Amino acid sequence: MANHDEDSVKLALLAHDLRTPLAAMRLTAELIGTGPLNGTQKDQLSILIRSIDALTQMTGELVTAAEPGSQAETRPSRIADVVSEIADLFQVAAEAKNLTLTLKIDDEAREAVTSSGGTLRRVITTLLDNAVKYTAEGGVTVEVRAAGHKSEDASGQGDPSSILISVADSGPGIEPEEGARLFRPFVRGRHGRETAPGTGLGLWGTAQFVRDMNGRLTLARSETGGSRFNVEIPLGEGDDGLLQAEADQHGTSATSEDASVTGPLSAHVLIVDDNETNCRLLAALLESFGISSEAARSGEQAVGLVQKSDFDAALLDLHMPGMSGVETAEALGSLRPDLPLIAVTAALESVGDTRLRDAGFREILTKPLSPAALFEAMKLASGRRAG
């Protein structure tokens, strides 16, 4: 058990360290999006950003899972949305092999939600990856439909009790004797061994994830002669309203954020981060807002710069060698009580919102950083409005 806990912590540490390059990748992609792009480039950039966000979500789940007393994710996600996003990510790979990738979602299944959106994402990603990888011609079809119903109403209808997601391909298929052991670790089918590299862990992990969702994973022959993997997910009670309320709130927030980035700001900002790439990306993003900046690679250097120069705000990374972001904020606050401090972090859970507020931070931004969120934070912190 101790070894298992130690392995979990090591995995969580790796996931935590991956947040910095992932945040840098997303910010770079956002900066590319501010330039002139044609329609195809915009679509490709959107796929890149969603892929980064998916990786970021996975790393966050790994970090949370290793924390003592942590709980499984509870944020409801619309199943159809999760499947649609993943299908979009694999569209380019399918087209590169001249395969069709078709998505079919029954109306009855569109509003169904799950509280295990991140886990479902990993399941569908593995199944689609295998389907595209091992299919040489033809295509892949993904279907989402209601598989059962709760108590019927007067019209003879009722809410779905489970959702069935199927991923079918026109590949070579899997022999029955192989299918019986395919969900074991390090086991691969004959065709897989002959055509593409792999570890044999994907389907085993997928089976574990489906079991974690109290679901069921089965393998069958598809109508096109290939393989059909079916994932049946039971639906919980009372999630639909939660999802709708959260979706409405998120949609309103996102719309107002995007609309707010409409004019330049005039300010001079201090960036405090020991990572040079992060400093350069933040400086480039601020410059796109009309904001000049200077960078400090440590808390000590930041204190020295504030003693010599006048800044309208400071952006501080929280985890730095030597003086931490919190210690730096406290030092800067004693020098310039009126200096707006903004935390920029990929690990808010390790410090806590209350601790940051007590240290003097007026705004807290999480990585991967949203340019619109940064723009709004700069407006609020500096007391200025877009010109």
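Since we're looking at a predicted model, the values are computed, not measured. (Residues numbered from 1 in each chain as written. Predicted model: local features only at pLDDT ≥ 70, side-chain atom pairs only at ≥ 80, totals over all residues. Heavy atoms only, no water.)

Quick word on the nonpolar core
Grouped together as the largest cluster of nonpolar side chains are 35 residues, with contacts concentrated most on Ile79, Ile124, Leu128, Val144, Ile163, Ile165 and Val231. Contributions of two or more residues to this core are made by helix H3 (79-96), strand S2 (100-105), helix H4 (117-133), strand S4 (139-149), strand S5 (160-169), helix H7 (202-212) and strand S7 (227-234). No other element matches the eight residues that H3 contributes to this core. Within the second largest apolar cluster, 25 residues are counted, among which are Leu27, Ile271, Leu369 and Ala377. (Core = buried A, V, L, I, M, F, W, Y, C linked by side-chain atoms within 4.5 Å. Buried < 20%, exposed > 50% of the residue type's maximum accessible area, 1.4 Å probe, protein only. Helix = DSSP H or I, 4+ residues; strand = E, 2+ residues; numbered from the N terminus.)

Describing the sheet that holds strand S10 (residues 313-317)
With respect to topology, five strands assemble into an open sheet ordered S9-S8-S10-S11-S12, the strand pairing being parallel. Since the sheet does not close on itself, it has two edges, and those belong to strand S9 (291-296) and strand S12 (361-366), each with one partner. The mean angle between the axes of side-by-side strands here comes to 25°, regardless of whether they run parallel or antiparallel. Pairing geometry for S10 and strand S11 (residues 341-345), over four bridges, is parallel. Bridging across to S11, Ala314 finds its partner in Leu341. (Pairing = 2+ DSSP bridges. Axes fitted to C-alpha atoms, helices over the stretch in contact; angles between N-to-C directions.)

Considering the side chain of Arg26
Note on placement: Arg26 falls in helix H1 (residues 2-33). Judged by its relative accessible area of 13%, Arg26 falls in the buried class. If we skip the residues at most four places from it in the chain, Arg26 touches Ile49, Ile52, Asp53, Pro368 and Leu369. (Contact = heavy atoms within 4.5 Å.)

Here we look at the UniProt feature "modified residue: 4-aspartylphosphate" (unreviewed entry) in the protein
Here the UniProt-annotated "modified residue: 4-aspartylphosphate" (unreviewed entry) positions come out as Asp317. Relative to the helices and strands, Asp317 is located in strand S10. If we skip the residues at most four places from it in the chain, Asp317 touches Val272, Asp273, Asp274, Gly325, Val344 and Lys367. (UniProt positions renumbered as here; feature names shortened; annotations may be inferred.)

Some words on the confidence of the model for the protein
On average, residues of the protein carry a pLDDT of 77, and 73% of them reach 70 or more. Across residues 237-262, confidence stays below pLDDT 50; counting only partners more than four residues off in sequence or on other chains, it has 27 contacts. (pLDDT = per-residue confidence, 0-100.)

Some details on the environment of Ile52
For Ile52, the position within the fold is in helix H2 (residues 39-66). Along the sequence, Ile52 and Met25 sit 27 residues apart, while their C-alpha atoms lie 7.5 Å from each other.

Some remarks on helix H10 (residues 299-308)
Among all positions of H10, only Gly299, Ala302, Val303, Leu305 and Val306 are buried. Projected onto a plane normal to the axis of H10, the buried residues spread over an arc of 165° and lie on a single side. Projecting away from the buried face of H10 at angles above 90 degrees are the exposed residues Gln307 and Lys308. (Arc of directions from axis to C-beta.)

A few points about the packing of aromatic side chains
The geometry of an aromatic ring pair is captured by the separation of the ring centres together with the interplanar angle, meaning the angle of the planes. The full count for this structure, using the stated rule, is one aromatic pair. Judged by centre distance (5.0 Å) and plane angle (80°), the rings of Phe289 and Phe375 are edge-to-face. Here Phe289, found in the loop between helix H9 (276-288) and S9, pairs with Phe375, found in helix H13 (residues 371-382); they are 86 residues apart in sequence, far enough to count as distant. Given a relative accessible area of 4%, Phe289 falls into the buried group. (Phe/Tyr/Trp six-rings, centres within 6.5 Å; stacked < 30°, edge-to-face > 60°.)

Some remarks on the packing of H3 against H4
Remark: H3 packs on H4, axes separated minimally by 10 Å, with the N-to-C direction vectors making an angle of 30°. The orientation of H3 with respect to H4, classified from their angle, is roughly parallel. Handedness of the H3/H4 crossing: right-handed. Side by side, H3 and H4 meet where Ile79, Val82, Val83, Glu85, Ile86, Ala87, Phe90, Ala93 and Ala94 of the first sit next to Gly117, Leu120, Arg121, Ile124, Thr125, Leu128, Asp129 and Val132 of the second. Looking at the contact of H3 with H4 residue by residue, the class counts come to twelve nonpolar, two polar and three charged. (Parallel < 35°, antiparallel > 145°, perpendicular 65-115°, else oblique. Left-handed = near helix turned anticlockwise from the far one by under 90°. Nonpolar A, V, L, I, M, F, W, Y, C, P; charged D, E, K, R; others polar.)

Examining the environment of Pro234
Inspection of the secondary structure puts Pro234 in strand S7. The class for Pro234 is partly exposed, based on a relative accessible area of 37%. As for Pro234 and Asn214, which are separated by 20 residues in sequence, their C-alpha atoms are 7.0 Å apart. In this structure Pro234 touches Ser161, Ser162, Met213, Asn214 and Gly215, once residues within four positions along its chain are discounted.

Focus on unusual backbone geometry
Positive phi is not limited to glycine here, since Asn98 has a value of about 60°. Among the structural elements, Asn98 can be located in the loop between H3 and S2.

Some points on the pattern of salt bridges
Following the criterion strictly, the structure yields 13 salt bridges and no others. Residue Arg228 pairs with Glu143 through a salt bridge whose shortest N-O separation is 3.6 Å. Of this pair, Arg228 sits in strand S7 while Glu143 sits in strand S4, and the two are 85 residues apart along the sequence. For Glu143, a relative accessible area of 23% puts it in the partly exposed group. For Arg216, the salt bridge is made with Glu232, and the minimal N-O distance between the two is 3.4 Å. (Salt bridge = Lys/Arg side-chain N within 4 Å of Asp/Glu carboxyl O.)

Re the packing of H10 against helix H11 (residues 325-335)
One can describe the packing of H10 onto H11 by two numbers: an axis separation of 10 Å at closest approach and a directional angle of 15°. As summarised for this structure, H10 and H11 are arranged roughly parallel, according to the angle between their axes. In terms of crossing hand, the pair formed by H10 and H11 is right-handed. Across the interface between the two elements, Gly299, Ala302, Val303, Val306 and Gln307 of H10 pack against Thr328, Ala331, Leu332 and Leu335 of H11. Split by residue class, the contact of H10 with H11 holds six nonpolar, three polar and no charged.

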